[in-house]
Amino acid sequence: PPVPPVPPVPPLPGHDRLPGPKAAGAAGSPEAGAAAAVAGPSANVVHLEVDRRFYQEKSEKLSTENDQLRDELYLMKAMMRKMEEKLEDYQLSLRHTEVDGAALSSPMSPR
């Protein structure tokens, strides 16, 4: 089946306020524009570092959760196999009981 398209990702909260090239020119004075240009890259680096840490922690958390779910799935499958084996044993036992019951109720059976 075809894979549905991925919806666009909305900007992270606070990223719409990051200084950019337009912010430097909008300040009015050349000194303010120069100060914003100097502060802008370092502020962006700080924001990127915050994002990196956030997504690193999120990745580690999801990886741990994935491992736990995989272990749980393995245990559930093992339990399911045991239950299926027990069910097969009960079904076989029931068939034998039906055969024995039919043999006892038959007029031809030796008593």
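Now for a description of the structure that goes with this document. Throughout this document, residue positions are counted from 1 along each chain, in the order its sequence is written. Given that the model is predicted, a residue must reach a pLDDT of at least 70 before its local features are reported, and side-chain atom pairs must reach 80 or more before they are shown or counted; all residues, however, enter totals for whole chains, interfaces and linings. Remark: hydrogens and water are excluded; side-chain values derive from all non-hydrogen atoms of the structure.

Digging into the overall build of the protein
Counted only if it meets this: Put simply, DSSP H or I for four residues or longer makes a helix, DSSP E for two residues or longer makes a strand, and each gets a number counted from the N terminus. Partly exposed residues are those whose accessible area sits between 20% and 50% of the maximum for their type, while under 20% is buried and over 50% is exposed, using a 1.4 Å probe and protein chains only. Per-residue accessibility takes into account occlusion by the displayed protein chains alone, with areas from the Shrake-Rupley method and a 1.4 Å probe.
When its secondary structure is counted, the protein shows two helices and zero strands. Counting the 111 residues in the protein, one finds 5% classified as buried. Element-wise, carbon and sulfur atoms account for 65% of the exposed surface of the protein, whose accessible area totals about 10200 Å².

Considerations on a negative patch on the surface
Convention followed: For patch building, the residue pool is restricted to those with more than 30% relative accessible area and no salt bridge; the joining distance is 9 Å between like charges and 5 Å between nonpolar side chains (Val, Leu, Ile, Met, Phe, Trp, Tyr). By definition, a salt bridge exists where a carboxyl oxygen of Asp or Glu is found within 4 Å of a side-chain nitrogen of Lys or Arg. As used throughout, the charge tally considers Lys and Arg to be positive and Asp and Glu to be negative, leaving His and the chain termini uncounted. Charge coordinates come from a single atom per side chain, which is NZ of Lys, CZ of Arg, CG of Asp or CD of Glu.
On the surface, a cluster of negative charge is made up of Glu84, Glu85, Glu88 and Asp89. With respect to the helices and strands, the residue Asp89 is situated in helix 2 (residues 30-105).

A word on the pattern of salt bridges
Taken as a whole, this structure holds three salt bridges when the rule is applied. Of the charged contacts in the structure, one is a salt bridge between Glu49 and Arg52, with a shortest N-O distance of 2.7 Å. Taken together, the positions of Glu49 and Arg52, both in helix 2 and three residues apart, correspond to about one turn of that helix. Taking the relative accessible area as the measure of exposure, Glu49 reaches 27% and is therefore partly exposed. What makes Arg52 partly exposed here is its relative accessible area of 46%. Arg70 is the partner of Asp67 in a salt bridge, and the nearest nitrogen-oxygen pair spans 3.0 Å. One end of the pair, Asp67, and the other, Arg70, are both in helix 2, three residues apart, so they sit about a helical turn from each other. Looking at Arg70, the relative accessible area reads 46%, which means it is partly exposed. Each of Glu49, Arg52 and Arg53 takes part in a single network of salt bridges with overlapping partners.

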